[in-house]
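Chain and residue survey
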Amino acid sequence: MSAGPLAVAVHGASGRMGRTILQILADDRAAHLVAAIDRPGHPALGQDVANLIGRSEPLDVKLSSLEHTPLKAVQVVIDFTSPDATRAVLERCARDRVAAVVGTTGMDPDCERALAALAQVAPVVAAPNFSIGVSLLMDLAERAARLAGPDFDLEIVEMHHKHKADSPSGTAVRLAEVVARTRDLDPARAAVHGRSGPVGARRSDEIGVLALRGGDVVGDHTLILAGAGERLELTHRAQGRHIFARGAVRAAHWVVGKPAGRYDMADVLGT
Ligand code: NAD
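These notes cover the structure that comes with them. Keep in mind that what you see is a predicted model, and the values were worked out from it rather than measured. Numbers given for residues are sequential positions, taken from 1 along each chain in its written order. Only residues with pLDDT of at least 70 are given local features in this predicted model, and only at 80 or more are side-chain atom pairs given and counted; all residues enter the totals for whole chains, interfaces and linings. Heavy atoms from the whole structure form the basis of all side-chain values; hydrogens and water molecules are not counted.

**Things to note about the environment of T222**
Defined as follows: The secondary structure listing takes helices from DSSP runs of H or I that are at least 4 residues long and strands from runs of E that are at least 2 residues long, numbered from the N terminus. Contacts: residue pairs with any heavy atoms within 4.5 Å of one another. Contacts described as polar in this section are N or O atom pairs within 3.5 Å, which, within protein, must combine one atom able to donate a hydrogen with one able to accept it, while residues neighboring in sequence count only if both atoms come from side chains.
With respect to the helices and strands, the residue T222 is situated in strand β10 (residues 219–227). With 13 residues separating them in the primary sequence, T222 and T235 have C-alpha atoms 4.2 Å apart. Residues contacting T222, with those up to four places away along its chain left out, are E155, I156, V157, E233, L234 and T235. Within the local environment of T222, its side chain forms a polar contact with the side chain of T235, the two groups lying 2.8 Å apart.

Right, here's the structure in full:
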(Lines give C-alpha, C1' and ligand atoms only; values in the text may rest on other atoms or scores of the structure.)
Protein backbone atom coordinates (compact mmCIF):
# COMPACT_ATOMS: atom_id res chain seq x y z
CA MET A 1 0.00 0.00 0.00
CA SER A 2 1.37 3.45 -0.87
CA ALA A 3 1.83 5.98 1.93
CA GLY A 4 0.15 8.91 0.12
CA PRO A 5 -3.55 9.68 -0.14
CA LEU A 6 -5.77 6.82 -1.31
CA ALA A 7 -6.14 6.88 -5.13
CA VAL A 8 -9.87 6.49 -5.81
CA ALA A 9 -12.00 6.16 -8.96
CA VAL A 10 -15.76 6.68 -8.79
CA HIS A 11 -17.88 4.65 -11.22
CA GLY A 12 -21.31 6.19 -11.78
CA ALA A 13 -19.85 9.58 -10.81
CA SER A 14 -22.73 11.68 -12.15
CA GLY A 15 -25.45 9.65 -10.40
CA ARG A 16 -27.20 10.51 -7.13
CA MET A 17 -24.75 8.41 -5.11
CA GLY A 18 -21.75 9.18 -7.33
CA ARG A 19 -22.11 12.94 -6.82
CA THR A 20 -22.52 12.51 -3.06
CA ILE A 21 -19.31 10.46 -2.98
CA LEU A 22 -17.48 13.12 -5.05
CA GLN A 23 -18.53 15.74 -2.44
CA ILE A 24 -17.06 13.65 0.37
CA LEU A 25 -13.85 12.85 -1.52
CA ALA A 26 -13.35 16.51 -2.40
CA ASP A 27 -13.06 17.25 1.34
CA ASP A 28 -11.12 14.09 2.30
CA ARG A 29 -7.41 14.88 2.62
CA ALA A 30 -6.58 11.19 2.98
CA ALA A 31 -8.08 10.40 -0.43
CA HIS A 32 -7.34 11.62 -3.91
CA LEU A 33 -9.88 11.38 -6.75
CA VAL A 34 -8.00 10.13 -9.81
CA ALA A 35 -10.89 9.13 -12.09
CA ALA A 36 -14.62 9.80 -12.38
CA ILE A 37 -16.40 7.46 -14.75
CA ASP A 38 -19.89 7.40 -16.22
CA ARG A 39 -21.69 5.83 -19.15
CA PRO A 40 -20.50 6.27 -22.73
CA GLY A 41 -22.36 9.17 -24.37
CA HIS A 42 -23.04 10.97 -21.08
CA PRO A 43 -23.41 14.70 -21.89
CA ALA A 44 -20.88 15.72 -19.21
CA LEU A 45 -18.03 13.50 -20.50
CA GLY A 46 -14.87 15.60 -20.78
CA GLN A 47 -16.05 18.17 -18.22
CA ASP A 48 -14.26 18.78 -14.92
CA VAL A 49 -16.26 16.94 -12.25
CA ALA A 50 -16.34 20.06 -10.07
CA ASN A 51 -19.29 21.05 -12.32
CA LEU A 52 -21.21 17.96 -11.19
CA ILE A 53 -21.06 18.97 -7.55
CA GLY A 54 -21.45 22.73 -7.92
CA ARG A 55 -17.88 23.66 -6.95
CA SER A 56 -16.20 26.60 -8.66
CA GLU A 57 -12.59 25.38 -8.07
CA PRO A 58 -11.71 22.68 -10.65
CA LEU A 59 -10.94 19.23 -9.24
CA ASP A 60 -8.67 18.52 -12.23
CA VAL A 61 -10.50 15.27 -13.02
CA LYS A 62 -12.65 15.03 -16.13
CA LEU A 63 -15.66 12.73 -16.40
CA SER A 64 -14.69 9.81 -18.65
CA SER A 65 -16.07 6.49 -19.88
CA LEU A 66 -14.68 3.21 -18.56
CA GLU A 67 -13.22 2.35 -21.95
CA HIS A 68 -11.11 5.52 -21.90
CA THR A 69 -10.05 5.36 -18.23
CA PRO A 70 -6.82 3.60 -17.27
CA LEU A 71 -7.07 2.00 -13.81
CA LYS A 72 -3.34 1.43 -13.35
CA ALA A 73 -2.93 4.36 -10.94
CA VAL A 74 -6.17 3.56 -9.09
CA GLN A 75 -6.09 1.73 -5.72
CA VAL A 76 -9.85 1.36 -5.31
CA VAL A 77 -12.95 1.83 -7.46
CA ILE A 78 -16.20 2.86 -5.76
CA ASP A 79 -19.16 1.72 -7.86
CA PHE A 80 -22.82 2.79 -7.54
CA THR A 81 -24.34 2.20 -10.98
CA SER A 82 -26.49 -0.63 -12.37
CA PRO A 83 -25.82 -4.39 -12.61
CA ASP A 84 -24.54 -4.30 -16.24
CA ALA A 85 -22.22 -1.40 -15.57
CA THR A 86 -21.03 -2.98 -12.33
CA ARG A 87 -20.18 -6.24 -14.11
CA ALA A 88 -18.09 -4.32 -16.66
CA VAL A 89 -16.10 -2.42 -14.04
CA LEU A 90 -15.55 -5.52 -11.90
CA GLU A 91 -14.09 -7.30 -14.93
CA ARG A 92 -11.71 -4.37 -15.45
CA CYS A 93 -10.78 -4.37 -11.76
CA ALA A 94 -10.01 -8.10 -11.93
CA ARG A 95 -7.83 -7.59 -14.99
CA ASP A 96 -5.90 -4.75 -13.33
CA ARG A 97 -5.98 -6.24 -9.75
CA VAL A 98 -7.74 -3.18 -8.32
CA ALA A 99 -9.79 -3.28 -5.09
CA ALA A 100 -13.47 -2.33 -5.25
CA VAL A 101 -16.35 -1.08 -3.14
CA VAL A 102 -19.68 -2.04 -4.69
CA GLY A 103 -22.96 -0.47 -3.66
CA THR A 104 -25.06 -1.36 -6.70
CA THR A 105 -28.13 -3.40 -5.76
CA GLY A 106 -30.24 -5.88 -7.72
CA MET A 107 -27.15 -7.70 -9.01
CA ASP A 108 -27.92 -10.48 -11.52
CA PRO A 109 -26.04 -13.81 -11.65
CA ASP A 110 -23.51 -12.48 -14.25
CA CYS A 111 -22.71 -9.59 -11.96
CA GLU A 112 -22.40 -11.90 -8.93
CA ARG A 113 -19.98 -14.09 -10.94
CA ALA A 114 -17.87 -11.04 -11.83
CA LEU A 115 -17.81 -10.11 -8.14
CA ALA A 116 -16.71 -13.62 -7.15
CA ALA A 117 -14.01 -13.57 -9.86
CA LEU A 118 -12.66 -10.23 -8.60
CA ALA A 119 -12.65 -11.53 -5.01
CA GLN A 120 -10.25 -14.26 -6.15
CA VAL A 121 -7.58 -11.70 -7.05
CA ALA A 122 -8.35 -8.50 -5.09
CA PRO A 123 -10.27 -7.39 -1.98
CA VAL A 124 -13.84 -6.19 -2.57
CA VAL A 125 -16.48 -4.82 -0.18
CA ALA A 126 -20.03 -5.33 -1.43
CA ALA A 127 -23.04 -4.25 0.61
CA PRO A 128 -26.63 -3.40 -0.23
CA ASN A 129 -26.44 -0.67 2.38
CA PHE A 130 -23.36 1.23 3.57
CA SER A 131 -24.99 3.06 6.49
CA ILE A 132 -23.88 2.34 10.03
CA GLY A 133 -27.50 2.34 11.24
CA VAL A 134 -28.47 -0.44 8.84
CA SER A 135 -25.52 -2.55 9.99
CA LEU A 136 -26.90 -2.14 13.52
CA LEU A 137 -30.42 -2.94 12.27
CA MET A 138 -29.15 -6.24 10.80
CA ASP A 139 -27.50 -7.11 14.09
CA LEU A 140 -30.58 -6.23 16.19
CA ALA A 141 -32.96 -7.94 13.73
CA GLU A 142 -31.00 -11.18 13.94
CA ARG A 143 -31.04 -11.06 17.74
CA ALA A 144 -34.73 -10.07 17.98
CA ALA A 145 -35.90 -12.78 15.55
CA ARG A 146 -33.89 -15.41 17.39
CA LEU A 147 -35.08 -14.36 20.88
CA ALA A 148 -38.72 -13.86 19.85
CA GLY A 149 -38.89 -17.36 18.40
CA PRO A 150 -41.40 -18.87 15.96
CA ASP A 151 -44.50 -17.52 17.78
CA PHE A 152 -43.71 -14.12 16.29
CA ASP A 153 -44.44 -13.57 12.59
CA LEU A 154 -41.79 -11.67 10.66
CA GLU A 155 -42.74 -9.02 8.10
CA ILE A 156 -40.52 -6.50 6.30
CA VAL A 157 -41.64 -3.16 4.85
CA GLU A 158 -39.39 -0.84 2.86
CA MET A 159 -39.99 2.50 1.15
CA HIS A 160 -37.81 4.31 -1.40
CA HIS A 161 -38.01 7.23 -3.84
CA LYS A 162 -39.94 6.84 -7.07
CA HIS A 163 -36.81 6.51 -9.27
CA LYS A 164 -35.48 3.33 -7.63
CA ALA A 165 -35.02 0.67 -10.30
CA ASP A 166 -34.96 -2.58 -8.30
CA SER A 167 -37.53 -4.00 -5.91
CA PRO A 168 -37.54 -5.03 -3.15
CA SER A 169 -34.46 -3.13 -2.02
CA GLY A 170 -31.19 -5.02 -1.59
CA THR A 171 -31.35 -4.10 2.09
CA ALA A 172 -34.81 -5.68 2.49
CA VAL A 173 -33.53 -8.83 0.76
CA ARG A 174 -30.55 -8.94 3.15
CA LEU A 175 -32.84 -8.35 6.15
CA ALA A 176 -35.03 -11.29 5.04
CA GLU A 177 -31.90 -13.47 4.73
CA VAL A 178 -30.69 -12.51 8.19
CA VAL A 179 -33.99 -13.30 9.94
CA ALA A 180 -34.67 -16.43 7.82
CA ARG A 181 -31.37 -17.88 9.03
CA THR A 182 -32.57 -17.71 12.64
CA ARG A 183 -35.39 -20.14 11.70
CA ASP A 184 -33.45 -22.40 9.33
CA LEU A 185 -35.58 -21.13 6.44
CA ASP A 186 -34.45 -20.73 2.82
CA PRO A 187 -34.95 -16.96 2.36
CA ALA A 188 -35.85 -17.30 -1.33
CA ARG A 189 -38.69 -19.70 -0.49
CA ALA A 190 -39.80 -18.00 2.70
CA ALA A 191 -40.14 -14.50 1.24
CA VAL A 192 -43.69 -13.62 0.15
CA HIS A 193 -43.80 -10.40 -1.85
CA GLY A 194 -46.73 -7.95 -1.73
CA ARG A 195 -49.69 -10.29 -1.04
CA SER A 196 -52.75 -9.83 -3.25
CA GLY A 197 -55.99 -11.77 -3.85
CA PRO A 198 -57.30 -14.77 -1.86
CA VAL A 199 -53.94 -15.75 -0.40
CA GLY A 200 -55.44 -17.47 2.64
CA ALA A 201 -54.07 -17.50 6.16
CA ARG A 202 -50.44 -16.63 6.67
CA ARG A 203 -48.11 -19.61 7.14
CA SER A 204 -45.70 -19.49 10.05
CA ASP A 205 -42.73 -20.04 7.71
CA GLU A 206 -43.50 -16.97 5.57
CA ILE A 207 -41.55 -13.74 5.70
CA GLY A 208 -43.70 -11.04 4.11
CA VAL A 209 -41.80 -8.38 2.13
CA LEU A 210 -43.56 -5.23 0.97
CA ALA A 211 -41.91 -2.53 -1.18
CA LEU A 212 -43.41 0.99 -1.28
CA ARG A 213 -42.26 3.61 -3.79
CA GLY A 214 -42.86 7.35 -3.87
CA GLY A 215 -41.54 10.88 -3.65
CA ASP A 216 -37.95 11.39 -2.61
CA VAL A 217 -37.72 8.90 0.29
CA VAL A 218 -34.01 8.02 0.62
CA GLY A 219 -34.69 4.62 2.21
CA ASP A 220 -36.79 3.29 5.11
CA HIS A 221 -36.70 -0.31 6.37
CA THR A 222 -38.84 -1.86 9.09
CA LEU A 223 -38.80 -5.37 10.51
CA ILE A 224 -42.10 -6.17 12.26
CA LEU A 225 -42.21 -9.02 14.76
CA ALA A 226 -45.91 -9.68 15.32
CA GLY A 227 -46.91 -11.92 18.23
CA ALA A 228 -50.22 -12.63 19.99
CA GLY A 229 -51.18 -9.37 21.69
CA GLU A 230 -47.93 -7.49 21.03
CA ARG A 231 -45.80 -6.22 18.17
CA LEU A 232 -42.20 -5.07 17.98
CA GLU A 233 -41.02 -2.86 15.11
CA LEU A 234 -37.38 -2.12 14.32
CA THR A 235 -37.06 0.78 11.88
CA HIS A 236 -34.17 2.50 10.16
CA ARG A 237 -34.76 5.72 8.21
CA ALA A 238 -32.06 7.15 5.97
CA GLN A 239 -32.33 10.94 5.96
CA GLY A 240 -29.69 11.62 3.32
CA ARG A 241 -27.49 9.82 0.80
CA HIS A 242 -24.39 11.08 2.59
CA ILE A 243 -24.75 8.23 5.13
CA PHE A 244 -24.22 5.63 2.38
CA ALA A 245 -21.51 7.70 0.71
CA ARG A 246 -19.59 8.16 3.97
CA GLY A 247 -19.79 4.41 4.62
CA ALA A 248 -18.57 3.63 1.09
CA VAL A 249 -15.58 5.99 1.43
CA ARG A 250 -14.80 4.46 4.84
CA ALA A 251 -14.94 1.00 3.20
CA ALA A 252 -12.58 2.21 0.44
CA HIS A 253 -9.99 3.31 3.02
CA TRP A 254 -10.42 -0.03 4.85
CA VAL A 255 -10.28 -2.41 1.89
CA VAL A 256 -7.02 -1.36 0.23
CA GLY A 257 -4.23 -3.64 1.40
CA LYS A 258 -6.57 -6.39 2.65
CA PRO A 259 -6.11 -9.93 1.30
CA ALA A 260 -8.13 -10.83 -1.80
CA GLY A 261 -11.67 -11.81 -0.84
CA ARG A 262 -15.23 -10.61 -0.49
CA TYR A 263 -16.08 -8.47 2.53
CA ASP A 264 -19.20 -6.68 3.77
CA MET A 265 -19.95 -3.67 5.97
CA ALA A 266 -19.83 -5.78 9.14
CA ASP A 267 -16.15 -6.53 8.31
CA VAL A 268 -15.45 -2.83 7.75
CA LEU A 269 -17.09 -1.82 11.04
CA GLY A 270 -15.67 -4.80 12.92
CA THR A 271 -19.14 -5.78 14.23
P1 NAD B 1 -28.48 6.90 -10.35
O2 NAD B 1 -29.35 6.41 -11.46
O3 NAD B 1 -28.69 8.28 -9.83
O4 NAD B 1 -26.93 6.77 -10.76
C5 NAD B 1 -26.40 5.72 -11.51
C6 NAD B 1 -25.25 6.27 -12.33
O7 NAD B 1 -24.65 5.19 -13.05
C8 NAD B 1 -25.70 7.30 -13.37
O9 NAD B 1 -24.85 8.42 -13.35
C10 NAD B 1 -25.56 6.54 -14.68
O11 NAD B 1 -25.30 7.39 -15.80
C12 NAD B 1 -24.37 5.66 -14.36
N13 NAD B 1 -24.24 4.55 -15.31
C14 NAD B 1 -25.22 3.86 -15.94
N15 NAD B 1 -24.68 3.01 -16.83
C16 NAD B 1 -23.33 3.15 -16.74
C17 NAD B 1 -22.24 2.54 -17.41
N18 NAD B 1 -22.42 1.62 -18.34
N19 NAD B 1 -20.98 2.93 -17.06
C20 NAD B 1 -20.78 3.88 -16.12
N21 NAD B 1 -21.80 4.51 -15.47
C22 NAD B 1 -23.05 4.15 -15.77
O23 NAD B 1 -28.65 5.85 -9.18
P24 NAD B 1 -28.25 5.97 -7.63
O25 NAD B 1 -29.45 6.40 -6.85
O26 NAD B 1 -26.97 6.73 -7.49
O27 NAD B 1 -28.04 4.43 -7.26
C28 NAD B 1 -27.08 3.64 -7.95
C29 NAD B 1 -27.09 2.23 -7.38
O30 NAD B 1 -26.67 2.26 -6.01
C31 NAD B 1 -28.46 1.55 -7.37
O32 NAD B 1 -28.30 0.17 -7.61
C33 NAD B 1 -28.95 1.78 -5.94
O34 NAD B 1 -29.92 0.83 -5.51
C35 NAD B 1 -27.65 1.62 -5.20
N36 NAD B 1 -27.60 2.23 -3.86
C37 NAD B 1 -26.92 1.52 -2.93
C38 NAD B 1 -26.75 2.05 -1.66
C39 NAD B 1 -25.90 1.29 -0.68
O40 NAD B 1 -25.69 1.77 0.45
N41 NAD B 1 -25.36 0.12 -1.06
C42 NAD B 1 -27.29 3.29 -1.33
C43 NAD B 1 -27.99 4.00 -2.32
C44 NAD B 1 -28.13 3.45 -3.59
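**Regarding the side chain of D166**
Applicable threshold: We call a residue buried when its accessible area falls under 20% of the maximum for its residue type, exposed when it is over 50%, and partly exposed in between, using a 1.4 Å probe and counting protein chains only.
Structurally, D166 is set in the loop between β7 (153–160) and α5 (170–181). Judged by relative accessible area, D166 falls into the buried class, the value being 17%. One polar contact links D166 to K164, side chain to side chain, over a distance of 3.0 Å. The contacts of D166, once residues within four sequence positions are left out, are T105, G106 and R213.

**Concerning the packing of helix α4 (residues 132–148) against α5**
Spelled out, the test is: Comment: axis = line fitted to C-alpha atoms, over the contacting stretch for helices; angle = value between 0 and 180 degrees taken between N-to-C directions. Oblique is the label for every angle not falling under 35 degrees (roughly parallel), over 145 degrees (roughly antiparallel), or within 65 to 115 degrees (roughly perpendicular). Left-handed describes a crossing whose near helix is turned anticlockwise from the far helix by less than a right angle; the clockwise case is right-handed. Residue type decides the class: Asp, Glu, Lys and Arg count as charged, Ala, Val, Leu, Ile, Met, Phe, Trp, Tyr, Cys and Pro as nonpolar, and the leftover types, Gly among them, as polar.
At a closest axis distance of 9 Å, the pairing of α4 and α5 adopts a crossing angle of 30°. Here α4 lies roughly parallel to α5, going by the angle between them. Between α4 and α5 lies a crossing whose hand is right-handed. Only T171, R174, L175, V178 and V179 of α5 make contact with α4, whose side of the interface consists of V134, L137, M138, A141, E142 and A145. Looking at the contact of α4 with α5 residue by residue, the classes come out as eight nonpolar, one polar and two charged.

**Describing the side chain of S14**
Mapping S14 onto the fold places it in the loop between β1 (6–11) and α1 (16–26). In terms of polar contacts, S14 uses its side chain to reach the side chain of H42, at 2.8 Å. Excluding anything up to four places from it in sequence, S14 contacts R19, D38, H42, L52 and L63.

**Focus on the site of the ligand**
Where we set the bar: Only heavy atoms are used to decide nearness, and a residue is near a molecule or strand if one of them lies within 4 Å of it. Here the accessible surface of atoms and residues is derived via Shrake-Rupley with a 1.4 Å probe, and residues count as covered only by protein chains that are part of the display.
Not every one of the 21 residues close to the ligand is listed here, only the nearest: R16, M17, D38, T105 and F130. In this structure, an oxygen atom belonging to the ligand sits 3.0 Å away from a main-chain N or O atom of G15. Within the side chain of T105, a nitrogen or oxygen atom sits 2.6 Å from an oxygen atom of the ligand. Computed on the free molecule, the ligand has an accessible area of 860 Å², of which 78% lies beneath the protein chains in the complex. Residues belonging to the shell around the ligand are distributed by class as follows: seven nonpolar, nine polar and five charged.

**Let's talk about the sheet that holds strand β4 (residues 76–79)**
Convention followed: A pair of strands is treated as paired once DSSP finds two or more bridges between them.
If you walk across this open sheet you meet the seven strands as β3-β2-β1-β4-β5-β6-β12, and the pairing is parallel. Each of the sheet's edge strands pairs with one partner strand only, and the pair in question is β3 (63–64) and β12 (261–263). Pairing of β1 with strand β2 (residues 31–37), which is carried by six bridges, proceeds in the parallel orientation. Note on β2: the bridge partner recorded for A7 is H32. Relative to strand β5 (residues 99–102), helix α2 (residues 83–96) is tilted by about 165°, and along the sheet it contacts β1, β4 and β5.

**Thoughts on the pairing of β5**
As a reminder, the rule being used: The handedness rule is simple: strands pointing away from the viewer, and a clockwise path from the first strand over the helix to the second, make the crossover right-handed.
Residues of β5 alternate between two faces, with A99 and V101 on one and A100 and V102 on the opposite face, all of them buried. With four bridges connecting them, β4 and β5 associate as parallel partners. Within β5, the residue paired with I78 across the bridge is V101. Read as a crossover between parallel neighbours, the route from β4 over α2 to β5 is right-handed. Two strands pair when backbone bridges link them, and β5 and strand β6 (residues 123–126) are joined in this way by three bridges, in the parallel orientation. Counterpart to V101 in the pairing with β6 is V125. Of the crossover connections in this fold, the one passing from β5 over helix α3 (residues 109–121) to the parallel β6 is right-handed.

**Focus: a nonpolar patch on the surface**
Let me state the cut-off plainly: Like-charged residues are merged into a patch within 9 Å and nonpolar side chains (Val, Leu, Ile, Met, Phe, Trp, Tyr) within 5 Å, provided each residue has over 30% relative accessible area and no salt bridge. When a carboxyl oxygen of Asp or Glu is within 4 Å of a side-chain nitrogen of Lys or Arg, the pair counts as a salt bridge.
Together, I132, L136 and L140 make up a nonpolar patch on the protein surface, roughly 270 Å² of accessible area in all. Mapped onto the secondary structure, L140 falls in helix α4.

**Details of the nonpolar core**
Counted only if it meets this: By nonpolar core we mean a set of buried residues, namely Ala, Val, Leu, Ile, Met, Phe, Trp, Tyr and Cys, connected to one another through side-chain atoms within 4.5 Å.
Counting residues in hydrophobic clusters, the biggest one holds 38 residues, and the most contacted among them are I21, V76, I78, V101 and F130. Contributing elements (two or more residues each) for this core: β1, α1, β2, β4, β5, α7 (242–255) and α8 (265–269). It is α7 that provides the largest number of residues to this core, a total of seven residues. In this structure F130 touches F80, V101, V102, G103, V125, I243, F244, G247, A248, A251 and M265, once residues within four positions along its chain are discounted. One finds L66, C93, L115 and A119 within the second-largest nonpolar core, a separate group that totals 23 residues.

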